[in-house]
Every structure is written in C-alpha cells, then in structure tokens.
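# Structure assessment
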Number of protein chains: 2
Amino acid sequence: MLDKIEIVKPEDIEKRSFEIITDILGDTVFPALHESVIKRVIHTTADFEFAKLLNISEGAIENGIKAIKEGGNIVTDTMMAASGINKKELGKYGGRIVCYMNDEVIAKKAKARNTTRACLCMEKASADKNNRIFVIGNAPTALIRLYELINEGTISPDLVVGVPVGFVNVVESKELFKTLDVPYIITDGRKGGSNIAAAIINAMLYMNRV
Amino acid sequence: MLDKIEIVKPEDIEKRSFEIITDILGDTVFPALHESVIKRVIHTTADFEFAKLLNISEGAIENGIKAIKEGGNIVTDTMMAASGINKKELGKYGGRIVCYMNDEVIAKKAKARNTTRACLCMEKASADKNNRIFVIGNAPTALIRLYELINEGTISPDLVVGVPVGFVNVVESKELFKTLDVPYIITDGRKGGSNIAAAIINAMLYMNRV
C-alpha cells in the first residue's frame with residue numbers, strides 16, 4: 001500500500017496542492033486577487049463549493065492588504081482563528097492578533113448581560129483604533145454586534161471577514177452585514193468557520209509577501 | 001433588516017442548532033454514538049456531506065472515551081486542533097493536549113531529514129505511553145508516519161482520528177491507515193481539517209459529560 005504514496009518534498013506539497021486545485025477549477029475565471037483567496041480556502045477545506053460561496057466586495061482585499069501593511073491589528077472571534085493566522089508574517093508589519101475570548105471579565109459581563117462573549121469581544125476591540133480588520137469565523141452574534149457598531153458610527157473597519165458557520169442567524173447575520181457600505185469578505189449561506197477565516201487572512205499575508 | 005434575526009438565548013443557540021441539523025438529516029439512522037460525532041462535525045462545518053464521509057471503525061468511539069476517562073493525553077498535528085479542543089473538559093480526567101508543532105528543535109530536525117514537522121511530532125509523541133489518542137487534522141505525512149509506527153509495533157494507540165485535508169497523499173494516507181487493525185475515525189476522501197478533528201474529540205468529551 002505504501003507504494004501508492006506520491007513522493008513530494010515537504011516544501012513542494014503546497015505548490016503541488018495548488019496545481020491540483022487549479023486543474024480542478026478548470027476554465028473558471030476569477031479576478032486575480034480573488035483567486036488567491038478562493039484557492040487558499042479550497043486548500044484548507046477541499047470544498048470546491050467555496051468558489052461560489054465567497055462573496056468579496058469591491059476593493060476589500062486591497063483594503064485588507066493596505067491595513068496589514070500599515071501595521072493594523074486583526075481582531076478574531078475565536079482562539080482557533082487566532083491560532084491559524086500566520087502571526088510571524090503579520091508581525092513583520094507591526095500588527096498583532098487581538099482575541100478576548102479567554103478573558104474572564106468578558107465571560108462574566110456576557111453572562112450578566114445575557115449575551116455572548118463574542119459580542120462583548122467586538123465591543124472591547126472597538127476601543128482601539130488600530131484594530132482595523134475584524135474576522136468572524138464562528139459567532140453570528142459577533143457579526144450582528146459589529147453591524148450595529150459600524151451602523152452607529154463607533155467604528156469603521158478597513159475590512160470585515162464575516163464567515164460565521166452554522167444554523168442560528170448565520171445566513172441572516174451575513175445578509176444584514178452586506179447592507180453596510182464596509183469592505184467585506186463573506187461566505188454566503190451557512191458555511192464558514194475559523195479555519196476559513198484564518199485561510200482568508202493568510203492568503204492576504206502571502207500576497208503581501210510576494 | 002434586524003427584525004429578521006431570531007431571538008435565541010446564548011445558552012440555547014447550540015441546542016437550537018442541533019435541532020435544525022436533526023430536522024435536515026430527517027430519517028437517516030446512525031448508531032447512537034456515531035450520531036453525536038456526525039452531528040457535531042456538521043455543526044462545525046454546516047457541511048452535510050460529512051454524514052456520508054465519516055468512517056468510524058467498530059468500537060472506536062467507546063475506545064476514545066475510555067482513554068479520555070482514564071486520563072490519556074491527546075496528540076494533535078496542529079496548534080489549531082489543539083486550540084479547538086475543550087481543554088477544561090479534558091483536564092477533568094487528568095489528560096492534556098500534546099502538540100510539538102511550535103517546537104524549534106522539531107523544525108530544525110525536520111529540515112535536516114527533509115521531512116515534515118508533523119511527521120517528527122508523531123515520532124516524539126510516541127515516546128510517552130500516556131499519549132493514547134492521536135489526532136491528525138492536517139498533515140497526511142503525520143498519518144503515514146503513524147501508520148509506520150503502529151505497523152512496526154512502536155505504538156498502539158487507543159484511537160486515531162485521521163482527518164487530514166487536501167490534495168497530496170490525503171486520500172492515499174487514509175486508505176493506507178484503514179488497512180491497520182487500530183480503532184479509527186476517518187473522513188473518507190479529501191475533506192477534513194483541524195476544526196473537524198477538534199469537533200470529533202469535543203463530541204466525545206461531551207458524551208463523557210452526560
């Protein structure tokens with residue numbers, strides 16, 4: 001059975017993977033920057049449906065790259081997304097990951113207010129003007145709170161990656177968010193996740209690198 | 001638009017999500033323990049294809065739960081999977097997460113041997129007999145190394161969660177692994193990921209809790 005394993009050097013595995021993804025996508029044409037994001041999400045999930053689900057507003061990727069290059073921080077709604085983002089690459093520009101999900105004070109406040117921790121994390125992150133990119137990979141409640149904070153003029157992020165996953169208010173939160181005039185990358189429908197959130201940011205970090 | 005948001009108490013969101021998943025799965029019947037794992041993976045991905053892709057060997061879940069209850073450690077091939085597993089719940093039984101992916105010595109050795117870090121992480125983790133569950137959410141090279149370590153009799157894990165994702169040797173590594181007589185939970189095909197790996201372990205931790 002071991003003879004069925006293709007011998008690929010460690011440093012070539014990713015390149016070979018992207019070649020296979022490109023082959024499978026065939027003649028589908030995407031805008032150049034979109035293509036890098038779409039392919040990295042497929043690389044992370046092996047789910048080609050994301051080629052259709054990824055909804056990228058005009059200039060969103062350019063905006064995100066600019067914010068990263070200027071040392072902007074990235075706020076996430078899960079430790080998993082925080083864990084998946086390439087912090088070494090982000091750190092080169094001076095930015096850092098901000099995630100308050102393990103903050104005990106946040107947990108207590110959320111309970112007292114009968115809301116989610118993710119929701120309060122967004123409020124707390126709103127206080128720092130250098131938190132320029134918001135990444136929601138899990139909680140629609142965070143995306144809804146973000147909608148409110150933007151709508152009332154409290155914050156004006158350079159980019160929102162809105163890819164919560166699931167069944168309760170997930171589709172509704174995304175549709176709501178799209179009514180705003182804010183650069184976004186959203187996965188339409190129920191699909192999304194922290195791994196996808198991290199892949200989208202990493203795609204932008206690696207575009208920067210080139 | 002905000003009026004389209006369903007009002008669900010934070011503590012009820014997960015319960016409501018599982019009700020919706022159950023509705024969508026309809027009349028499909030799964031063995032009871034399998035059902036909890038399958039539903040949690042769908043909860044994490046909103047991807048119903050996993051109901052078909054999850055391949056659970058006989059007694060695998062029971063074995064995993066037993067190892068957890070006896071304080072066994074869980075080895076992961078990514079920090080993201082480590083980050084997604086409920087460590088508070090695992091800690092109740094005395095077990096901990098073991099992940100060497102950020103170990104600088106491992107990185108250097110992998111380069112010198114022209115192999116992947118994930119592969120060397122499996123070797124290092126093999127030295128501790130209390131590392132009883134191995135969870136591969138990303139690297140097929142780790143699953144292949146695990147196959148070799150088991151095949152040569154170095155280790156005999158209580159459970160292997162083999163859900164690498166991607167395009168190079170992913171399907172092959174899973175098919176290879178299934179030829180072993182070791183309890184496994186595998187996602188057939190290319191799909192998988194660290195989020196799915198964490199969801200499978202969390203499903204077992206929450207079954208323990210009940």
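Computed from a predicted model, the values in this text were never measured in an experiment.

Each value, and the rule that gives it
Residues numbered from 1 in each chain as written. Chains lettered and ligands numbered in written order. Predicted model: local features only at pLDDT ≥ 70, side-chain atom pairs only at ≥ 80, totals over all residues. Heavy atoms only, no water. UniProt positions renumbered as here; feature names shortened; annotations may be inferred. Helix = DSSP H or I, 4+ residues; strand = E, 2+ residues; numbered from the N terminus. Pairing = 2+ DSSP bridges. Contact = heavy atoms within 4.5 Å. Axes fitted to C-alpha atoms, helices over the stretch in contact; angles between N-to-C directions. Parallel < 35°, antiparallel > 145°, perpendicular 65-115°, else oblique. Nonpolar A, V, L, I, M, F, W, Y, C, P; charged D, E, K, R; others polar. Buried < 20%, exposed > 50% of the residue type's maximum accessible area, 1.4 Å probe, protein only. Phe/Tyr/Trp six-rings, centres within 6.5 Å; stacked < 30°, edge-to-face > 60°. Lys NZ or Arg CZ within 6 Å of the ring centre and 35° of its normal. Least-squares fit on C-alpha atoms with pLDDT ≥ 70 in both. Polar contact = N/O pair within 3.5 Å; in protein donor to acceptor, adjacent residues only side chain to side chain. Arc of directions from axis to C-beta. Buried area = accessible area lost by both parts, 1.4 Å probe. Salt bridge = Lys/Arg side-chain N within 4 Å of Asp/Glu carboxyl O.

## What to know about the UniProt feature "domain: Cobalamin biosynthesis precorrin-8X methylmutase CobH/CbiC" (unreviewed entry) in chain A
- As annotated in UniProt, the feature "domain: Cobalamin biosynthesis precorrin-8X methylmutase CobH/CbiC" (unreviewed entry) corresponds to residues 12–207 of chain A in the numbering used here.
- When the span residues 12–207 of chain A is considered, its composition is 54% helix and 12% strand, and the gap between its end C-alpha atoms is 18 Å.

## What to know about the sheet that holds strand 2 (residues 73–76) of chain B
Residues and elements named next belong to chain B.
- Reading across the sheet, the six strands line up as 1-6-5-4-2-3 and stay open at both edges, with mixed pairing between neighbours. Looking at strand neighbours, the two that pair on one side only are strand 1 (54–56) and strand 3 (97–98), the edges of this open sheet.
- Of the strands in this sheet, strand 5 (159–162) and strand 6 (184–187) are in contact with helix 10 (residues 170–177), which crosses strand 6 at around 155 degrees.

## With respect to the packing of helix 1 (residues 13–25) of chain B against helix 2 (residues 32–45) of chain B
All names here are of chain B.
- Running from N to C, helix 1 and helix 2 point in directions that differ by 110 degrees, and their axes come no closer than 10 Å. Accordingly, the angle class assigned to the pair helix 1 and helix 2 is roughly perpendicular. Here helix 1 contributes Glu 14, Ser 17, Phe 18, Ile 21, Thr 22 and Leu 25 to the contact with helix 2, which in turn contributes Lys 39, Arg 40, Ile 42 and His 43.
- Considering only residue class, the contact of helix 1 with helix 2 consists of four nonpolar, three polar and three charged.

## Some words on the sheet that holds strand 3 (residues 97–98) of chain A
All names here are of chain A.
- Spatial strand order, 1-6-5-4-2-3: six strands in an open sheet with mixed pairing. Only two strands of the sheet have a single neighbouring strand rather than two, namely strand 1 (54–56) and strand 3.
- Summarising the sheet, strand 5 (residues 159–162) and strand 6 (residues 184–187) pair through three bridges and their orientation is parallel. In the sheet register, Val 160 faces strand 6, and the bridge partner there is Tyr 184.
- Strands in contact with helix 10 (residues 170–177) are strand 5 and strand 6; relative to strand 6, the strand with the most contacts, it is inclined by about 155 degrees.

## Structural notes on the environment of Ile 186 of chain A
All names here are of chain A.
- Within the element layout of this structure, Ile 186 appears in strand 6.
- Separated by 26 residues in sequence, Ile 186 and Val 160 have C-alpha atoms that sit 8.2 Å apart.
- Apart from the residues within four sequence positions on either side, Ile 186 is in contact with Leu 53, Leu 54, Asn 55, Gly 162, Val 163, Lys 174, Phe 177 and Lys 178.

## What about unusual backbone geometry?
Residues and elements named next belong to chain B.
- At Ala 46, a position not held by glycine, the phi torsion is positive, near 55 degrees.
- With respect to the helices, strands and loops of the structure, Ala 46 is situated in the loop between helix 2 and helix 3 (50–53).
- Using a relative accessible area of 7% as the deciding quantity, one classes Ala 46 as buried.
- Even without being glycine, Asn 169 reaches a positive phi, approximately 65 degrees.
- Relative to the helices and strands, Asn 169 resides in the loop between strand 5 and helix 10.

## Observations concerning the packing of aromatic side chains
- Applying the stated criterion across every chain yields a total of two aromatic pairs over all chains.
- With 5.9 Å between their ring centres and 80 degrees between their planes, Phe 48 of chain A and Phe 167 of chain B make a pair best called edge-to-face. Taken as a pair, Phe 48 of chain A in the loop between helix 2 (32–45) and helix 3 (50–53) and Phe 167 of chain B in the loop between strand 5 and helix 10 lie in two separate chains rather than in one.
- In this structure Phe 48 of chain A comes out as partly exposed when scored by relative accessible area, which is 22%.
- Positioned over the ring face of Phe 50 of chain A is Lys 191 of chain A, at 5.9 Å from the centre of the ring.
- It is Lys 124 of chain B that lies over the ring of Tyr 100 of chain B; its NZ or CZ is 4.5 Å from the centre.

## Focus: the pairing of strand 5 of chain B
Residue and element names in this part refer to chain B.
- Burial along strand 5 is two-sided: the residues Leu 159 and Val 161 and Val 160 and Gly 162 are all buried.
- In the sheet, strand 4 (residues 131–136) pairs with strand 5 via four bridges, with the strands oriented parallel. For Val 135, the partnering residue across the bridge sits in strand 5 and is Val 161.

## Let's talk about the relation of the copies chain B and chain A
- Expressed as a screw transformation, the operator carrying chain B onto chain A has a rotation angle of 180 degrees and an axial translation of 0.0 Å, and the superposed copies differ by an RMSD of 0.0 Å. The superposition of one copy onto the other is thereby described by a two-fold rotation axis. In terms of proximity to the rotation axis, the leading residue of chain B is Met 80 of chain B, whose C-alpha is 2.7 Å off the axis.
- Mapped onto chain A, 100% of the interface residues of chain B are again interface residues, and the two copies thus contact each other with one and the same surface.

## Observations regarding the side chain of Ser 17 of chain B
- Take Ser 17 of chain B: it is sitting in helix 1.
- Given the relative accessible area of 3%, Ser 17 of chain B is considered buried.
- For Ser 17 of chain B, the side chain forms a polar contact with the main-chain oxygen of Ile 13 of chain B, separated by 2.9 Å.
- Look past the residues within four positions of Ser 17 of chain B in its chain and what remains in contact with it is Phe 167 and Val 168 of chain A together with His 43 of chain B.

## Regarding the pairing of strand 2 (residues 73–76) of chain A
Residue and element names in this part refer to chain A.
- Burial of strand 2 is two-sided: the residues Asn 73 and Val 75 facing one way and the residues Ile 74 and Thr 76 facing the other way are all buried.
- As paired elements, strand 2 and strand 4 (residues 131–136) share four bridges and run parallel to each other. When the sheet's bridge partners are listed, Val 75 is paired in strand 4 with Phe 134.
- By the bridge criterion, two bridges tie strand 2 to strand 3 in an arrangement that is parallel. Paired with Val 75 across the two strands is Val 98, which belongs to strand 3.

## A word on helix 10 of chain B
Residues and elements named next belong to chain B.
- For helix 10, every residue scored as buried is listed here: Val 170, Ser 173, Lys 174, Leu 176 and Phe 177. Buried residues of helix 10, viewed axially, fall in a sector of 160 degrees; they line one side.
- Those residues of helix 10 hidden inside the fold are in contact with helix 9 (140–151), strand 5 and strand 6.

## Side note on the interface of chain B and chain A
- With 48 residues of chain B at the contact, the number on the chain A side is 48 residues.
- In terms of surface lost to chain A, no three residues of chain B exceed Met 80, Phe 167 and Val 168 of chain B, which account for 20% of the buried area on that side.
- Summed over the shared surface of chain B and chain A, the number is two salt bridges.
- Note that Lys 191 of chain A is salt-bridged to Asp 47 of chain B, the shortest N-O span being 3.8 Å.
- In this assembly, chain B and chain A are joined by seven residue pairs in polar contact (both at pLDDT 80 or more).
- For the side of chain B that touches chain A, the leading source of residues is helix 1 of chain B, giving six residues.

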